[in-house]
Each structure stands twice: as C-alpha cells, then as structure tokens.
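# Inside the fold
Listed below are the residues making up each chain.
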Amino acid sequence: MKIHIHKHNRVYNNNNNNNNTYTIRTYIYSFGSSTARYATFLAVGVILAEMGTNSATDALWEMNNKGKTYKQVDWSKFDEQEEDDDDDDDDDDDDDDE
C-alpha cells in the first residue's frame, strides 16, 4: 500500500486496485468456485430482477392509468336495477315432454 502526501498535506491512498481485486476475489470465491453456485446465483438474480421490473412496470402503469384499470373502477355505478320480471320461471317451461 502506497501513501502519497500531496503538497497541500492531503493524504492520498492508492489502494483502489486492491479494493477491486478483493471484490473480484470475494465474488469468485462466493459464486464462481463451482458451476452449481454460479447457476444458482444466475437463476436467483434473474428471478429477482424480473420481479423488480414487474413491480416497477405495474406501479408506473397504474400511476399513469389511475381510475381506468379494472380493479380501480367503481363498479357500483354500473349495477343494473333489478326488475321484478319472472324471466327465470320462463326457462323451466320447456316443451321436452312430447
């Protein structure tokens, strides 16, 4: 690890490369050391990314179409008034008895 002192007495640490190397080594040890771990990492990552994308897309869609989607419509406005017709009784009067 090299430490440089600049002319304004600021200390600069040149270990950025070491941090990157540590991160890569940690990744390889954790996920890249076996095919099963890597495949699991990819599968879980793809599923989580898809779930996040789906949630974000649904939230944007509902925000831009507020009050227009099926679950947001007030369906009580569209209820038909029930009439006192005996339409159900007419269905039983079929002429099947020949």
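Whatever comes next refers back to the structure up there.
Below or above, wherever it landed, is the structure these notes cover.

Within the structure shown, the criterion is met by two aromatic pairs. Seen in terms of ring centroids, Tyr70 and Trp75 are 5.2 Å apart; in terms of plane orientation they differ by 50 degrees. Their pairing is tilted. Of the residues examined, Trp75 reaches a relative accessible area of 42% and is grouped as partly exposed. Their ring planes at 55 degrees and their centres at 5.7 Å tell us that Trp75 and Phe78 sit as a pair that is tilted.

There is a patch of nonpolar side chains on the surface, built from Ile24, Tyr27, Ile28, Phe31, Tyr38, Phe41 and Leu42 and spanning about 610 Å² of accessible area. Taken together, the elements giving at least two residues each to the nonpolar patch come down to α1 (16-32) and α2 (35-64).

Reading the values: rules and limits
- Residues numbered from 1 in each chain as written.
- Predicted model: local features only at pLDDT ≥ 70, side-chain atom pairs only at ≥ 80, totals over all residues.
- Heavy atoms only, no water.
- Phe/Tyr/Trp six-rings, centres within 6.5 Å; stacked < 30°, edge-to-face > 60°.
- Buried < 20%, exposed > 50% of the residue type's maximum accessible area, 1.4 Å probe, protein only.
- Patch = residues over 30% accessible without salt bridge, like charges linked within 9 Å, V, L, I, M, F, W, Y side chains within 5 Å.
- Areas by Shrake-Rupley, 256 points an atom, 1.4 Å probe, with all protein chains shown as cover.
- Salt bridge = Lys/Arg side-chain N within 4 Å of Asp/Glu carboxyl O.
- Helix = DSSP H or I, 4+ residues; strand = E, 2+ residues; numbered from the N terminus.

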